[in-house]
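As a plain string of letters, each chain reads:
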Amino acid sequence: MTIETVSTNKAFGGVQGVYKHQSDCTGTEMTFSVYVPPHEPGTKLPVVWYLSGLTCTHANVTEKGEFREACAELGLIFVAPDTSPRGEGVPDDENGAYDFGLGAGFYVNAIEDPYKDHYRMRDYIEKELPEIVGTNFPADMDRQSIMGHSMGGHGALTMALRNPNAFKAVSAFAPIVSPINCPWGEKALGGYLGDDQTLWVEYDTVALIAGGARVPDMLIDQGTDDVFIEKELKTYLLEDVCENTGQKATIRYQEGYDHSYYFISSFMSDHLDWHAERLKA
């Protein structure tokens with residue numbers, strides 16, 4: 001449970017911190033950021049988890065997400081983990097591609113060599129890091145929600161669907177909704193889990209909903225000018241399965257927005273308002 005403080009900065013009356021620790025799940029040092037808003041001593045605050053996309057670390061949303069003012073006003077702790085294990089001895093894509101290996105953990109527990117010893121991001125996010133946050137910060141772990149972008153949107157949606165009692169709300173920006181049906185997902189799930197696609201289902205939002213998994217509601221924003229929408233994200237598959245199963249979802253297409261943090265930061269406050277409403281005691 002020991003963590004090391006990398007940096008702290010005052011922001012909107014609260015503290016933006018970056019921390020690192022030795023992870024039992026990944027067998028590596030892991031870095032994460034936490035924003036704690038201003039609050040009265042002894043107060044426990046709800047927690048919003050943010051999972052980042054391909055090539056990202058904790059730093060992308062921490063530096064470009066524009067979440068702190070809203071979190072300060074709403075009283076939300078904002079936690080941003082890394083996207084994969086890193087360090088000497090951690091295997092990467094053999095060709096150095098951006099969509100597998102370092103920066104591309106896909107929030108799964110790998111079972112294939114040589115990835116299974118370190119790529120255990122599912123357990124890290126669902127089990128290990130929540131214990132650390134609950135121990136070291138003024139966090140009310142009975143009031144948690146989760147959100148993410150792209151690969152992180154995939155992670156947020158699947159974690160919420162697998163753990164409906166853990167998260168009060170889930171939202172996503174431009175999520176990969178069905179890794180089973182897109183090149184990014186096929187490469188990642190095949191590489192980490194092997195060829196048996198029955199093992200892929202628990203990491204696929206569309207397949208989980210089709211199989212009966214449910215959350216009370218979800219909020220999705222997708223930019224119409226996102227270059228990945230047709231080949232990789234396939235938002236229409238989520239629309240179809242929600243309509244066919246009765247899963248409640250608010251899916252919004254934002255005209256002219258792309259896949260970048262200009263898009264995410266434009267609607268971050270909307271999402272945090274949405275989460276705050278559902279995180280009320």
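Residues numbered from 1 in each chain as written. Predicted model: local features only at pLDDT ≥ 70, side-chain atom pairs only at ≥ 80, totals over all residues. Heavy atoms only, no water.

Student: Can you walk me through the overall build of the chain in this structure?
Tutor: When helices and strands are tallied, the chain shows nine helices and nine strands. In terms of its C-alpha atoms, the chain occupies a principal-axis envelope of roughly 50 × 45 × 35 Å. Residues classed as buried in the chain amount to 59% of the 281 residues present. Within the chain, contacts between residues at least 6 apart in sequence are counted, and of these 72% link residues at least 24 apart. In the form shown here, the chain has an accessible surface area of approximately 11,500 Å², with 46% of it arising from carbon and sulfur atoms. When the 21 positive and 42 negative side-chain charges of the chain are each reduced to one mean point, those points stand 5 Å apart. (Helix = DSSP H or I, 4+ residues; strand = E, 2+ residues; numbered from the N terminus. Buried < 20%, exposed > 50% of the residue type's maximum accessible area, 1.4 Å probe, protein only. Contact = heavy atoms within 4.5 Å. Areas by Shrake-Rupley, 256 points an atom, 1.4 Å probe, with all protein chains shown as cover. Lys, Arg positive; Asp, Glu negative; His and termini not counted. Charge placed at Lys NZ, Arg CZ, Asp CG, Glu CD.)

Student: Would you mind going over unusual backbone geometry with me for this structure?
Tutor: Here the residue pair Asp 113 and Pro 114 is connected by a cis peptide bond, since its omega of -5° sits within 30 degrees of zero. In this structure, Thr 55 is a non-glycine residue whose phi angle is positive, near 75°. Note that Thr 55 resides in the loop between strand E4 (45–51) and helix H1 (58–64). Phi is positive for Glu 66, which is not a glycine, with a value near 55°. Mapped onto the elements of the fold, Glu 66 is located in the loop between H1 and helix H2 (68–74).

Student: Hey, could you run me through the pairing of strand E7 (residues 170–173) in this one?
Tutor: One face of the sheet, then the other: side chains in a regular strand alternate in exactly this way. Residue alternation in E7 divides its side chains into two sets, Val 170 and Ala 172 and Ser 171 and Phe 173, and both sets are buried. Where strand E6 (residues 139–149) and E7 come together, four bridges link them in parallel fashion. Within E7, the position partnered with Met 147 by the bridge is Ser 171. (Pairing = 2+ DSSP bridges.)

Student: It is not clear to me how the environment of Asp 82 should be interpreted in this structure. Could you clarify?
Tutor: Mapping Asp 82 onto the fold places it in the loop between strand E5 (77–80) and helix H3 (121–136). It is 4.8 Å that separates the C-alpha atoms of Asp 82 and His 58, two residues lying 24 residues apart in sequence. Sequence-distant contacts of Asp 82, that is, excluding residues within four places in its chain, are made with Met 30, Thr 31, Cys 56, Thr 57, His 58, Tyr 107 and Met 121.

Student: What's the story with the packing of aromatic side chains in this structure? I'm lost.
Tutor: Geometrically, a pair of aromatic rings is defined through the distance of the ring centres and the angle of the planes. Throughout the structure, instances matching the rule amount to 16 aromatic pairs. Plain terms: the ring middles of Tyr 257 and Phe 263 are 6.0 Å apart, the flat faces sit at 45° to each other, and that makes the pair tilted. Site record: aromatic cluster; members linked through ring pairs are Tyr 35, Tyr 50, Phe 67 and Phe 78. Sitting over the ring of Phe 67, Arg 68 keeps its end group 4.7 Å from the ring centre. (Phe/Tyr/Trp six-rings, centres within 6.5 Å; stacked < 30°, edge-to-face > 60°. Lys NZ or Arg CZ within 6 Å of the ring centre and 35° of its normal.)

Student: Sorry, what's going on with the environment of Glu 94 here?
Tutor: Within the secondary structure, Glu 94 sits in the loop between E5 and H3. Residues Glu 94 and Gly 191, spaced 97 residues apart in sequence, show a C-alpha to C-alpha distance of 11 Å.

Student: Would you take a moment to explain the side chain of Thr 158 for this structure?
Tutor: Following the sequence through the fold, Thr 158 ends up in helix H4 (residues 151–162). In this structure, Thr 158 is in contact with Glu 202, Tyr 203, Asp 204, Thr 205 and Leu 208, ignoring residues within four places of it in sequence.

Student: Looking at this structure, how should I read the environment of Lys 231?
Tutor: With respect to the helices and strands, the residue Lys 231 is situated in helix H7 (residues 229–233). Owing to a relative accessible area of 56%, Lys 231 belongs among the exposed residues under this scheme. Between the C-alpha atoms of Lys 231 and Gly 246, which are 15 residues apart in sequence, the distance is 26 Å. Those residues within four positions of Lys 231 in sequence are excluded, and the remaining contacts are Cys 182 and Pro 183.

Student: Can you walk me through H3 in this structure?
Tutor: Think of an α-helix as 3.6 residues a turn; residues three or four steps apart then line up on the same face. The largest bend along H3 reaches roughly 35° and is located at Leu 129, with the proline Pro 130 sitting one to four residues downstream. Taken together, the buried positions of H3 are Met 121, Arg 122, Asp 123, Tyr 124, Ile 125, Glu 126, Glu 128, Leu 129, Pro 130, Ile 132 and Val 133. Contacts made by the buried residues of H3 are with strand E2 (14–22), strand E3 (29–36), E4, E5, E6 and H4. (Bend = angle between axes of the 7 residues up to and from the residue.)

Student: Where do I start with the nonpolar core in this structure?
Tutor: Nonpolar side chains tend to gather and get buried jointly when the protein is soluble and globular. Within the largest apolar cluster, 86 residues are counted, with the highest numbers of intra-cluster contacts made by Phe 78, Tyr 192, Met 268 and Leu 272. In terms of residue count, the dominant contributor to this core is helix H9 (residues 261–278) (seven residues). When near neighbours in sequence (up to four residues on either side) are disregarded, Tyr 192 contacts Phe 100, Gly 101, Ala 104, Gly 105, Phe 106, Val 108, Ala 110, Ile 111, Glu 112, Tyr 115 and Tyr 119. (Core = buried A, V, L, I, M, F, W, Y, C linked by side-chain atoms within 4.5 Å.)

Student: Looking at this model, I keep getting lost on the side chain of Gln 222. Mind explaining?
Tutor: Along the chain, the position of Gln 222 falls in strand E8 (residues 219–223). With relative accessibility at 0%, the residue Gln 222 sits in the buried group. Of note is the side chain of Gln 222, whose polar atom sits 3.1 Å from the side chain of Asp 226. Filtering out sequence-adjacent residues up to four positions away, Gln 222 remains in contact with Ala 174, Ile 229, Leu 233, Thr 235, Arg 252, Tyr 253, Gln 254 and Phe 263. (Polar contact = N/O pair within 3.5 Å; in protein donor to acceptor, adjacent residues only side chain to side chain.)

Student: I keep staring at the pairing of E3 and nothing clicks. Help me out?
Tutor: With six of its eight residues buried, E3 lies for the most part within the structure. Bridge count between E2 and E3: eight bridges; the pairing is antiparallel. Looking at the pairing, Gln 16 lines up with Tyr 35 of E3. Counting the residues in the hairpin turn of E2 and E3 gives six residues, including Gly 27, whose phi is positive at 70°. In terms of strand pairing, E3 meets E5 through three bridges, oriented antiparallel. Residue pairing across strands places Val 34 opposite Val 79, the latter belonging to E5.

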